[in-house]
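Here is what each chain is made of, one letter per residue.
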Amino acid sequence: MIRFQSSPKFDKPATIILLDKGQTHKKAFNVITNAVLRDAVKAVIDAGQFHGEERETFPLIVNNKVVLLVGAGEAGKTNMTALRGIVRQAALSSAFKKINDIEVVPHSRDEQAVIAIIEGILIGTYSWDKYRKAPEKTLRPIEKNYILAVAAKKEYEDAVITCQGVSLTRNLINENADISTSDFLEATILGLVRGKKNVAVEILNKKEMKAKGLNLHLAVNQGSPKEPKLIIVKYTGAGKGKGYTAIVGKGITFDTGGLNLKPTGHMETMRSDMSGAAAVIGTLKNALALNLKTNIIFVTAIAENCIGSLAFKPGDVFRGYNGKTVEILNTDAEGRLVLADALAYVEKNYKPSRFIDLATLTGACVIALGYDYSGLVSNDDELAKDVLAAASETDDRAWRLPSYSEIKDYVKSEIADLKNVGLPKGAGGAITAAEFLRSFVNDTPWAHLDIAGTSFVDGKGRFYYGHGATGSGVRLLTAFLKNKE
Ligand SMILES: [Zn+2]
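## A short note on the overall build of the chain
A count of helical and extended segments in the chain gives 14 helices and 19 strands. Against the compact-globule benchmark of 23 Å for 485 residues, the chain has a radius of gyration of 24 Å, which places it among compact chains. Its C-alpha atoms give the chain principal-axis dimensions of about 80 × 50 × 40 Å. Counting across all 485 residues of the chain, residues that qualify as buried make up 57%. For the chain, contacts bridging at least 24 residues in sequence account for 76% of all contacts bridging at least 6. For the chain, the exposed area adds up to about 19700 Å²; of that, 51% sits on carbon and sulfur atoms. Taken as two groups, the 62 positive and 54 negative side-chain charges of the chain have centres that lie 4 Å from each other.

Structure follows, in structure tokens:
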């Protein structure tokens, strides 16, 4: 939890003081009003023990309180991604293990820097520890009280709220696949919208999908005993006359690959194959909490890709909601199938002004861009520009990949209108997958974010994220939607 207070008080059992390089003395003395603490810090600096270098830390005990000096790097040149990591590292310091109230004194009042500090705390200290032994009597780092010595303002309060949406998304992804099911996601969504007046919900289960012909979505879920779901939340924040932005998330609650089974080494993190849907749900939470004055359609396309005698089979052809037929050449290319029906259904029945879909769609996108940038493909330059602006504003990064008319030949089938794979050997797999989706959208401006690389950290950590789900897409979408107000 974060609270704000306009100036430092040094009355908490612990204090983090961020200081930048070069101006260390001057800054320290401006900021530190407590004389005893100021002398202690001066002694450390005079002794050459602390210079304010990026990530440099120095712990002190002053009046029985723990003080951690933390270097923020060259004054005025702080890299905001690095700053989030610096704050994360400080907040997770073993010096604070048994302390629940920590004052944080920023090195700068620059708005971007303060937001980076907020995110460094709330995104940086998140960890999925539900299944670990509870630590003795202290709060988890993210639950501690951080008192930020800076005057409250709307941008900061909004940043705190946005991070709560990010945490929800991360929890939904990190949770066991047999807990975070279609029913669980539905209950989560209904819990968020309960009692809200400007919200209408439509839920398609297996029965309704059959009646309406969402056969691509149904095919993917065929081998699962769980209910497939297309959940649509129509949020009217700006009045009925205005256009709607539809955000559509891929929600494969577990992806075995289907009969084209994934090998060991590729399946262990596949509960994260619903990261797109989880990002849509986190953004829904944010839109409601921020009371966004814009119209939004939140769409989650949820299924489970299982093996077994009922599972859909390579070589079979299914007819999608919009009438196009698809030859299944790889059951592991299932995300595009559920999304295809979702895009077609929402376009026809809701007529949104623009689409943004998010999906852990292709390993090819990870090969192309790695783990730090989501892949963006769009049929509309204006929309792409707005998505990239929101991405760079929030450090929820995206990089645009090409979409061009000739690429449509690569998803044509010999026996159906389309096939669910692209070129041999996976060449250009991220953009051919995107092209498959594009062919289920008519004239609506559409942007697709492939978050396969960015949504999950499998290992020790990256940037300011620990192991597990990152919540990628939530900050980007929230900023994009705010910019549409
Ligand atoms: Zn798959």
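Further notes follow.
## Things to note about unusual backbone geometry
Here F10, not a glycine, exhibits a phi torsion of approximately 50 degrees, which is positive. Inspection of the secondary structure puts F10 in the loop between β1 (2–4) and β2 (14–21).

## Focus on the packing of aromatic side chains
This model, assessed by the stated rule, comprises nine aromatic pairs. Aromatic pair F436 and F440: ring centres 5.2 Å apart, planes at 40 degrees, arrangement tilted. Pair check on accessibility: F436 and F440 agree, each one buried. Clustering of aromatic rings is evident, with ring pairs tying together F463, Y464 and Y465. Its end group placed over the ring of Y244, K234 keeps NZ or CZ at 5.1 Å from the ring centre.

## Description of the packing of helix α4 (residues 111–122) against helix α5 (residues 154–174)
Relative to each other, α4 and α5 sit at 30 degrees, their axes nearing to 10 Å. If you check the angle between α4 and α5, you find them roughly parallel. For the pair α4 and α5, the crossing hand works out as right-handed. Residues E111, V114, I115, I118, E119 and L122 of α4 lie in contact with α5, whose contacting residues are E155, Y156, A159, V160, C163 and S167. Across the contact of α4 with α5, the residue classes break down as eight nonpolar, one polar and three charged.

## Looking at the environment of K153
Structurally, the position occupied by K153 is in the loop between β6 (145–148) and α5. Note on K153: relative accessible area 33%, which makes it partly exposed. Remark: the alpha-carbon pair of K153 and E435, spanning 282 residues in sequence, is separated by 43 Å.

## So, the pairing of strand β3 (residues 57–62)
As judged from the six bridges shared by β3 and strand β4 (residues 65–74), these two strands associate in the antiparallel manner. Along β4, the bridge assignment pairs P59 with L68. In this antiparallel pair of consecutive strands, β3 and β4, the connection spans two residues, and N63 shows a positive phi of 50 degrees.

## Topic: the coordination of the zinc ion
Around the zinc ion, the protein contributes the donor atoms D255 (OD), D332 (O), D332 (OD) and E334 (OE), at 2.0 to 2.3 Å from the metal centre. Spacing between the donor residues of the zinc ion along their common chain follows D-x76-D-x1-E. In this pair, D255 is assigned in strand β9 (residues 244–255) and E334 in the loop between β12 (325–327) and α10 (335–350), connecting sequence segments 79 residues apart. Residue class for E334 comes out buried when judged on its relative accessible area of 0%.

## Observations concerning the sheet that holds strand β17 (residues 446–450)
If you walk across this open sheet you meet the eight strands as β7-β8-β10-β9-β13-β17-β14-β15, and the pairing is mixed. Because the sheet does not close on itself, it has two edges, and the strands there are β7 (199–204) and β15 (398–400). Shown here is a sheet whose adjacent strand axes are inclined to one another by a mean of 20 degrees, direction ignored. Helix α9 (residues 275–290) contacts β7, β8 (229–236), β9, β10 (295–305) and β13 (354–359) of the sheet and is inclined by roughly 135 degrees relative to β9.

## Points about the domain arrangement of the chain
Put simply, an interface is often sized by how much accessible area is lost when its parts join up. When cut into domains, the chain gives domain 1 (2–152) and domain 2 (163–483). The centre of domain 1, based on its C-alpha atoms, is set 38 Å off from the matching centre of domain 2. With 14 residues of domain 1 at the interface, the matching set in domain 2 holds 18 residues. Both sides of the domain 1 and domain 2 interface together cover about 1500 Å² of buried area, and 56% of this is carbon and sulfur. Looking only at domain 1, the three residues that lose the most surface to domain 2 are I123, Y126 and W128, adding up to 44% of its buried area. Joining domain 1 to domain 2, the criterion identifies three salt bridges. For D395, the salt bridge goes to R84, with nearest N and O atoms at 3.8 Å. Between domain 1 and domain 2 we count eight residue pairs in polar contact (both at pLDDT 80 or more) in total. Put simply, the parts of the chain that give the side of domain 1 that touches domain 2 at least two residues each are α3 (80–91) and α4. Among the elements that line the side of domain 1 that touches domain 2, the one with the most residues is α3, at four residues. Class assignment for the residues of the side of domain 1 that touches domain 2 results in six nonpolar, four polar and four charged.

## So, a nonpolar patch on the surface
On the surface, Y131, I179 and F184 cluster together into a nonpolar patch covering about 260 Å² of accessible area. Residue class for F184 comes out partly exposed when judged on its relative accessible area of 32%.

## Brief notes about the sheet that holds β12
Read from one edge of the open sheet, three strands run β11-β12-β16, paired in mixed fashion. The open sheet is flanked by β11 (317–319) and β16 (418–419), the only strands paired with a single partner. Inspection of the sheet shows β11 paired to β12 by three bridges, in the antiparallel sense. Residue pairing for β12: R319 is matched across the bridge by T325.

How each quantity is defined
Residues numbered from 1 in each chain as written. Predicted model: local features only at pLDDT ≥ 70, side-chain atom pairs only at ≥ 80, totals over all residues. Heavy atoms only, no water. Helix = DSSP H or I, 4+ residues; strand = E, 2+ residues; numbered from the N terminus. Rg over C-alpha atoms; globule rule 2.2 N^0.38 Å. Buried < 20%, exposed > 50% of the residue type's maximum accessible area, 1.4 Å probe, protein only. Contact = heavy atoms within 4.5 Å. Areas by Shrake-Rupley, 256 points an atom, 1.4 Å probe, with all protein chains shown as cover. Lys, Arg positive; Asp, Glu negative; His and termini not counted. Charge placed at Lys NZ, Arg CZ, Asp CG, Glu CD. Phe/Tyr/Trp six-rings, centres within 6.5 Å; stacked < 30°, edge-to-face > 60°. Lys NZ or Arg CZ within 6 Å of the ring centre and 35° of its normal. Axes fitted to C-alpha atoms, helices over the stretch in contact; angles between N-to-C directions. Parallel < 35°, antiparallel > 145°, perpendicular 65-115°, else oblique. Left-handed = near helix turned anticlockwise from the far one by under 90°. Nonpolar A, V, L, I, M, F, W, Y, C, P; charged D, E, K, R; others polar. Pairing = 2+ DSSP bridges. Donors = N, O, S within 2.8 Å, 3.2 Å for Na, K, Ca; no water. Domains from an automatic or database assignment. Buried area = accessible area lost by both parts, 1.4 Å probe. Salt bridge = Lys/Arg side-chain N within 4 Å of Asp/Glu carboxyl O. Polar contact = N/O pair within 3.5 Å; in protein donor to acceptor, adjacent residues only side chain to side chain. Patch = residues over 30% accessible without salt bridge, like charges linked within 9 Å, V, L, I, M, F, W, Y side chains within 5 Å.

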